[in-house]
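Descriptive analysis of the structure
Chain by chain, the residues run as shown.
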Amino acid sequence: MKYFSLERLLDENGVVTRCPPKLGQRLRVVAYLAERFEPDRAYTELEVNDVIRSRVAFSDYVTMRRELVDFGFLTRSADCREYRRAAELPSVESILEKF
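These notes cover the structure that comes with them. (Residues numbered from 1 in each chain as written. Predicted model: local features only at pLDDT ≥ 70, side-chain atom pairs only at ≥ 80, totals over all residues. Heavy atoms only, no water.)

Strand order in the open sheet formed by three strands is β1-β3-β2, with antiparallel pairing between adjacent strands. Each having just a single partner strand, β1 (42-43) and β2 (74-76) make up the two edges of the open sheet. Relative to strand β3 (residues 83-85), β2 runs antiparallel, the two being bridged by three bridges. Among the inter-strand pairings, R76 is bridged to a residue of β3, identified as Y83. (Pairing = 2+ DSSP bridges. Helix = DSSP H or I, 4+ residues; strand = E, 2+ residues; numbered from the N terminus.)

Laid out in structure tokens, this is it:
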């Protein structure tokens, strides 16, 4: 993957200004969001949404939540009531190798 600087998408407050269309770039945004969750803490869906919305300026926080889970950055309980940051966050490169 060509070099991509996440900083190009961040405003002066560290908020992501737009959702990039390319998977590799979007994964860097998702990884950035994952770092905003505390390890060993349970979150409700509403709390997850709040964390995401505090760091993105675009309206599609639902896709970001789904990708956090689908790509292994967050785990979700079977009843979807509890989310947790993964004990070990995956690297963007390891995810992209699967595609």
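Once that is clear, we can look at the nonpolar core. Formed by 27 residues in total, the largest nonpolar core has its most connected members in L33, F37, I52, L68 and F73. Listing elements by their share of this core, those giving two or more residues are α1 (23-34), α2 (45-53), α3 (61-70) and α4 (92-96). No other element matches the seven residues that α1 contributes to this core. Residues within four places of L33 in sequence aside, it is in contact with I52, R55, V56, M64 and L68. (Core = buried A, V, L, I, M, F, W, Y, C linked by side-chain atoms within 4.5 Å. Buried < 20%, exposed > 50% of the residue type's maximum accessible area, 1.4 Å probe, protein only. Contact = heavy atoms within 4.5 Å.)

The final tally for this structure, using the stated rule, is two aromatic pairs. Between F37 and Y43 the ring centres are 5.1 Å apart and the planes differ by 85°, which places this aromatic pair in the edge-to-face class. Each of the two residues, F37 as well as Y43, counts as buried. Over the face of the ring belonging to Y43 we find R41, whose NZ or CZ atom lies 4.1 Å from the ring centre. Positioned over the ring face of Y61 is R53, at 4.7 Å from the centre of the ring. (Phe/Tyr/Trp six-rings, centres within 6.5 Å; stacked < 30°, edge-to-face > 60°. Lys NZ or Arg CZ within 6 Å of the ring centre and 35° of its normal.)

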